[in-house]
Amino acid sequence: MVKLDRINLSNEGLTKFFSPIEAQIMEVLWTNQESTTPDITEKTGIPLSSVAGTLDRLVKAGYAKRAVDKSGNRVRYLYSATESMDNTANTITKKVLDSLVDTFGKVAIENFHTYHGKK
Amino acid sequence: MFSITQEIDCYITCITGSDLLPLIGIQAFLALLLFTFYLKARKPVLRISSFIAAQLFMISVIGTIVSAMQCSQMLTIEIYTAYVILSTVIIMLLPRVYYKILIRRHGAQPITDIMDWPQAFVNNLTEGAKVYYYDSAVPGAFASGKSIFLSLGMLELMDDSELKAVLAHEVWHIRHNNKTPVLRQLSLMTFTKNHSEDELEVLADVFAGKIVSETAVESARAKLE
């Protein structure tokens, strides 16, 4: 889950901020409107035993949301991402920047300016 | 002033000098014999029965030792008596309130809010039991008091016959829930680990197999493994 103390800069892509399973699930949710649990297990290739607990955590953390679909004789969850990938990236970036400014103050801001200038 | 070595000396002196020594020996031997039988037995009913019988003999050994004691103010006996009273009260009262804690902890809702047949199915098997569901993708089912809890993940995962098998399994636990605290209390009183849980699960599966079908039980088990 995206916790600043668990950000791993040496990892690749989204796994810097999410665990590998969370990242795979979020990618499915960002690229699909609504997904059922079997959809997610099929598209990620991750077994239900790992997916189910991770989905609970993603919902609790607010990155995913789910509705109970009672159509027909069965009940099932329909999952979707709470925010688009861009908005989530925005939220994570803000968190990281806030943390850097809180910790390093001026030095962090000067580096942002240098970085901005280079861009 | 309490001294453990002094208490041990008291036990040795009183027991060896007591007329009850042969009885203590017989009870201890029978307890050991029944524990051995428990370890060898394969059938769940025999395993549970022998384990309970062994524990009862252990309690009778403790009781006989206490009655053989001539020394006054034995602190170890007083502590053990207080431990037995306290644990009995807690173990017997807990099931009466614990299901309420579970309802609150899981934010459980009556299953009739989303589907009717599971409650009707349970009503046919036992009186006064209520089925709840709770919000979790992790497949889970358990019973406490006269309540059955199913996660929504379980409702998603199982087909109707498998879900009936799960419900029947939990109904068996409800039907026998007055015995489970006794088993726990026996383990606490004899300081033995409660080994009966696995056997109880097997017996609940046997019941579910009779009520629904063995295929449904096996299929539900396979999905959860």
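Residues numbered from 1 in each chain as written. Chains lettered and ligands numbered in written order. Predicted model: local features only at pLDDT ≥ 70, side-chain atom pairs only at ≥ 80, totals over all residues. Heavy atoms only, no water.

**Student:** Is there a simple way to explain the sheet that holds strand β3 (residues 141–144) of chain B in this structure?
**Tutor:** Strands pair in a sheet through their backbones, by hydrogen bonds, and they do so in one of two ways: parallel or antiparallel. Residue and element names in this part refer to chain B. The strand order across the open sheet built from four strands is β1-β2-β4-β3, with neighbouring strands paired in mixed fashion. Both outer strands of the open sheet, β1 (109–110) and β3, are each paired with one neighbouring strand and no more. As paired elements, β1 and strand β2 (residues 130–134) share two bridges and run antiparallel to each other. Bridge pairing in β2 places glutamine 109 opposite tyrosine 133. Across the face of the sheet, helix α4 (residues 75–106) comes into contact with β2, β3 and β4 (147–151) while running at roughly 140° to β3. (Pairing = 2+ DSSP bridges. Helix = DSSP H or I, 4+ residues; strand = E, 2+ residues; numbered from the N terminus. Contact = heavy atoms within 4.5 Å. Axes fitted to C-alpha atoms, helices over the stretch in contact; angles between N-to-C directions.)

**Student:** What exactly am I supposed to notice about unusual backbone geometry here?
**Tutor:** Where the residue is not glycine, phi is negative for most of them; where a peptide bond is considered, it is trans in most cases. Residues and elements named next belong to chain B. Its identity is not glycine, yet phenylalanine 191 carries a phi of approximately 55°, on the positive side. Tracing the backbone shows phenylalanine 191 in the loop between α8 (180–190) and α9 (196–211). By relative accessible area, phenylalanine 191 is classed as exposed at 60%. (Buried < 20%, exposed > 50% of the residue type's maximum accessible area, 1.4 Å probe, protein only.)

**Student:** When you look at the interface of chain B and chain A in this model, what are you seeing that I'm missing?
**Tutor:** Reports of interface size often rely on the accessible area that becomes lost once the parts have come together. Counting from both sides, the interface comprises 17 residues of chain B and, opposite them, 15 residues of chain A. Of the roughly 1300 Å² buried between chain B and chain A on both sides combined, carbon and sulfur atoms contribute 54%. Looking only at chain B, the three residues that lose the most surface to chain A are B:Ala137, B:Leu152 and B:Glu156, adding up to 41% of its buried area. Applying the counting criterion to the chain B and chain A interface returns two salt bridges. Note that A:Arg74 is salt-bridged to B:Asp160, the shortest N-O span being 3.2 Å. With five residues, the top contributor of residues to the side of chain B that touches chain A is helix α6 (residues 152–157) of chain B. The class makeup of the residues in the side of chain B that touches chain A is 10 nonpolar, two polar and five charged. (Buried area = accessible area lost by both parts, 1.4 Å probe. Salt bridge = Lys/Arg side-chain N within 4 Å of Asp/Glu carboxyl O. Nonpolar A, V, L, I, M, F, W, Y, C, P; charged D, E, K, R; others polar.)

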